[in-house]
Amino acid sequence: MNLEEFIKKSPKAELHLHIEGTLEPELMFSLAKRNNVEISFKNIDDVKKAYNFNNLDSFLKIYYEGAKVLINEKDFFDLTWAYALKCKEENIVHTEIFFDPQTHTDRGISFDIVINGIYKALQKAKNEFNLSFKIIMCFLRHLDEDSGFKVLNQALLHKDKIFGVGLDSSETGNPPNKFKRLFKKALENNFVTVAHAGEEGPPEYIWEALNHLSVKRIDHGVQCLKDHKLVEELSKTQIPLTVCPLSNIKLRVFNNLKDHNLKKMLDKKLMVMVNSDDPAYFGGYLNKNLIEIQIALNLSKEDVKILLVNSFKSSFLNEKKKIEWISKIS
Ligand code: ADE
Ligand code: ZN
């Protein structure tokens, strides 16, 4: 079996996936029509042309624009169901997805509509093809902490559905410490915490997320190699870094895949795995991320196996489930 087949047929966990980032242009247009929402693109080709980003902020502008077509519970259901079907197709057996409530509540969409649509689709996928999942609510870091407290209070009413909280959006100038009090309250209410850090931002932001937000995982974290002490710490604690190769190229964190530092991170024994981030915007779902980075960095089968095993080790599944899935990777 060649490596591409090995990647495709192996069970995988995805740990860094924004559900709003799975909005394919075709669905964006059909929802715009269904909901009578005007979007600033003429046609699907026009959308694809706009997906040429200079950095994280230039992407986020378009991403928040696209999300405006999501209005009703059925829209969030359809969006999530389409991603669940991708999981089935790609042998993703466990997924931990992010959603950004403030992107919707700030447009007057109720929190309940958002979470219920997402949750019902994932439950259906669990019942129909045994997809397991966790839902992580992200705070938008370009907004203030008070806005975060408002959605955290809403999340407390949905504790049965929401497993953890995270931090995303525009990183530079919005350090983790801005949200210390908010994460303290989330932790007091037994939410697990994660945070985007070191995507574009400095290693210092990764330290802050570890030391002041008590995160169990760092999302991206690719800037960690600039700080030897941090690498030592991440290697010692085995705090996972959810790396997203195609995202990093599209947002120009690295010039091309051959320059990506994933292999260096593996060589330093960091707990890394591969994820798709916003696949509808960055050109590919999980298998494509794995296949393209394998080719670009000439990763061995052993390297790929470590990435797949790490996806389960780093997940929030229980130990028994982790062992079960890992035993199927060979
Ligand atoms: N929101 C969606 N994708 C993101 C990313 N890659 N970084 C920060 N915020 C995001
Ligand atoms: Zn992300």
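This text follows the structure it describes.
Now for a description of the structure that goes with this document. Note that the structure is predicted; figures quoted are calculated from it, not measured.

Things to note about the nonpolar core
One broad rule of soluble globular proteins: the nonpolar side chains tend to lie buried together. Phe99, Cys224 and Tyr281 are the most contacted members of the largest nonpolar core, which has 114 residues in total. Each residue touching Tyr281, except ones within four places of it in the same chain, is listed here: Glu20, Gly21, Leu23, Met28, Tyr51, Phe53, Phe59, Ile62, Tyr63, Gly66 and Lys250. Counting five residues, the second-largest nonpolar core is a separate cluster that includes Phe98, Ile136, Cys138 and Phe316.

Side note on the coordination of the zinc ion (ligand 2)
Protein coordination at the zinc ion (ligand 2): the donors are His16 (NE2), His18 (NE2), His196 (NE2) and Asp277 (OD), at 2.0 to 2.3 Å from the metal. Every donor counted, the four donor atoms about the zinc ion (ligand 2) form angles of 82 to 175° at the centre, which fits irregular coordination. As a motif over one chain, the donors of the zinc ion (ligand 2) read H-x1-H-x177-H-x80-D. Of this pair, His16 sits in strand S1 (residues 12-18) while His196 sits in strand S5 (residues 192-197), and the two are 180 residues apart along the sequence. Relative accessible area serves as the criterion here: at 0%, His16 is assigned to the buried category. Taking the relative accessible area as the measure of exposure, His196 reaches 4% and is therefore buried.

Considerations on the layout of surface pockets
Estimated volume of the largest pocket: approximately 320 Å³. Taken together, 19 residues form the lining of the largest pocket, with His94, Lys126, Ser132, Phe133 and Lys134 sitting closest to its centre. Looking at the lining of the largest pocket, the element that brings in the most residues is strand S3 (residues 132-140), giving four residues. Classifying every residue of the lining of the largest pocket by side-chain character gives nine nonpolar, five polar and five charged. Put simply, the second largest pocket is a space of about 210 Å³. In terms of lining, the second largest pocket is formed by 14 residues, of which the most central are Leu266, Lys269, Leu270, Ile306 and Asn310. When residues of the lining of the second largest pocket are traced back to their parent elements, those giving at least two are helix H13 (262-267) and helix H16 (301-313). Considering each element in turn, the lining of the second largest pocket owes the most residues, seven residues, to H16.

Looking at the side chain of Asp277
Residue position: Asp277 is located in the loop between strand S8 (272-274) and helix H14 (279-282). Buried Asp277, no salt bridge; nearest opposite-charge side chain is Arg141, N-O distance 11 Å. Among the polar contacts made by the side chain of Asp277, one reaches the side chain of Ser247 at a distance of 2.8 Å.

Digging into unusual backbone geometry
In the Ramachandran plot, Asn130 falls in the positive-phi region, its phi being about 60° despite a non-glycine side chain. Looking at Asn130, the relative accessible area reads 55%, which means it is exposed. The phi dihedral of Arg252 falls on the positive side, at around 60°, and the residue is not glycine. Take Arg252: it is sitting in the loop between helix H12 (245-250) and H13.

A short note on the pairing of strand S4 (residues 164-168)
Within S4, five of the five residues are buried, which leaves it mostly tucked inside the rest of the structure. Going residue by residue along S4, you find Gly164, Gly166 and Asp168 tucked away on one face and Val165 and Leu167 tucked away on the opposite face as well. Relative to S4, S3 is paired through five bridges, and the arrangement is parallel. When the bridges of S4 are listed, Met137 appears paired with Val165. Handedness of the crossover is the feature at issue here: the chain leaves S3, passes through helix H8 (residues 145-155), returns alongside S4, and the resulting connection is right-handed. The parallel pair S4 and S5 is bridged by helix H9 (residues 180-188), and the resulting crossover is right-handed.

Comments concerning the sheet that holds S3
Strand pairing in a sheet relies on backbone hydrogen bonds, with the paired strands running either antiparallel or parallel. Spatially, the eight strands line up as an open sheet ordered S1-S2-S3-S4-S5-S6-S7-S8, and their pairing is parallel. Edge strands, defined here as strands with exactly one partner in the open sheet, are S1 and S8. In this sheet, adjacent strand axes meet at a mean angle of 25° when their direction is disregarded. Here strand S7 (residues 241-243) runs beside S8; their pairing, made up of three bridges, is parallel. Among the inter-strand pairings, Leu241 is bridged to a residue of S8, identified as Val272. On the sheet, helix H10 (residues 203-212) packs against S5 and strand S6 (217-220) and is oriented at approximately 175° with respect to S5.

The rules we used
- Residue indices begin from 1 for each chain and proceed along its sequence in written order.
- Labels are handed out in written order, letters beginning with A for the chains and numbers beginning with 1 for the ligands.
- This being a predicted model, a pLDDT of at least 70 is required before a residue's local features are given, and a value of 80 or more before pairs of side-chain atoms are given or counted; all residues contribute to the totals for chains, interfaces and linings.
- By convention in this description, side-chain values take in all heavy atoms of the structure and omit both hydrogens and water.
- Nonpolar cores are built from buried Ala, Val, Leu, Ile, Met, Phe, Trp, Tyr and Cys residues. Side-chain atoms within 4.5 Å join them into one set.
- Relative accessibility thresholds used throughout: buried, under 20% of the residue-type maximum; exposed, over 50%; partly exposed, between the two (1.4 Å probe, protein chains only).
- Two residues qualify as a contact provided that any one of their heavy atoms is within 4.5 Å of a heavy atom in the partner residue.
- Only nitrogen, oxygen and sulfur atoms within 2.8 Å of the metal, or 3.2 Å for Na, K and Ca, are treated as donors, and water is left out, so sites may look incomplete.
- A four-donor site is called tetrahedral if each angle lies between 85 and 135 degrees; a four-donor site is square planar, and a six-donor site octahedral, when trans pairs exceed 155 degrees and the remaining angles lie between 65 and 115; all other cases are labelled irregular.
- A run of H or I in DSSP counts as a helix once it spans at least four residues, and a run of E counts as a strand once it spans at least two, with each numbered from the N terminus.
- A cavity here means a set of points on a 1 Å grid, drawn over the protein atoms and nothing else, where a 1.4 Å probe fits but cannot get out; a pocket is an open set with protein on both sides within 12 Å along at least five of seven lines, and a residue lines either one if it has an atom within 4 Å of a point.
- Grid points are joined across faces, edges and corners, and a volume is the space filled by probe spheres set on the points.
- Only Asp, Glu, Lys and Arg are considered charged, only Ala, Val, Leu, Ile, Met, Phe, Trp, Tyr, Cys and Pro nonpolar, and every remaining residue, Gly among them, polar.
- For the charge count, each Lys or Arg is scored as positive and each Asp or Glu as negative, with His and the chain ends excluded.
- Any Lys or Arg side-chain nitrogen found within 4 Å of a carboxyl oxygen on Asp or Glu counts as a salt bridge.
- Pairing of N or O atoms within 3.5 Å defines a polar contact, subject to two protein rules: one partner must be a possible hydrogen donor and the other a possible acceptor, and residues neighboring in sequence count only if both atoms are side-chain atoms.
- Should DSSP find at least two bridges between two strands, the strands are regarded as paired.
- Assignment of crossover handedness uses the view with strands pointing away from the viewer, where a clockwise path from the first strand over the helix to the second indicates a right-handed crossover.
- Axis lines are fitted to C-alpha atoms, over the contacting stretch for helices. Their N-to-C directions set the angle, which ranges from 0 to 180 degrees.

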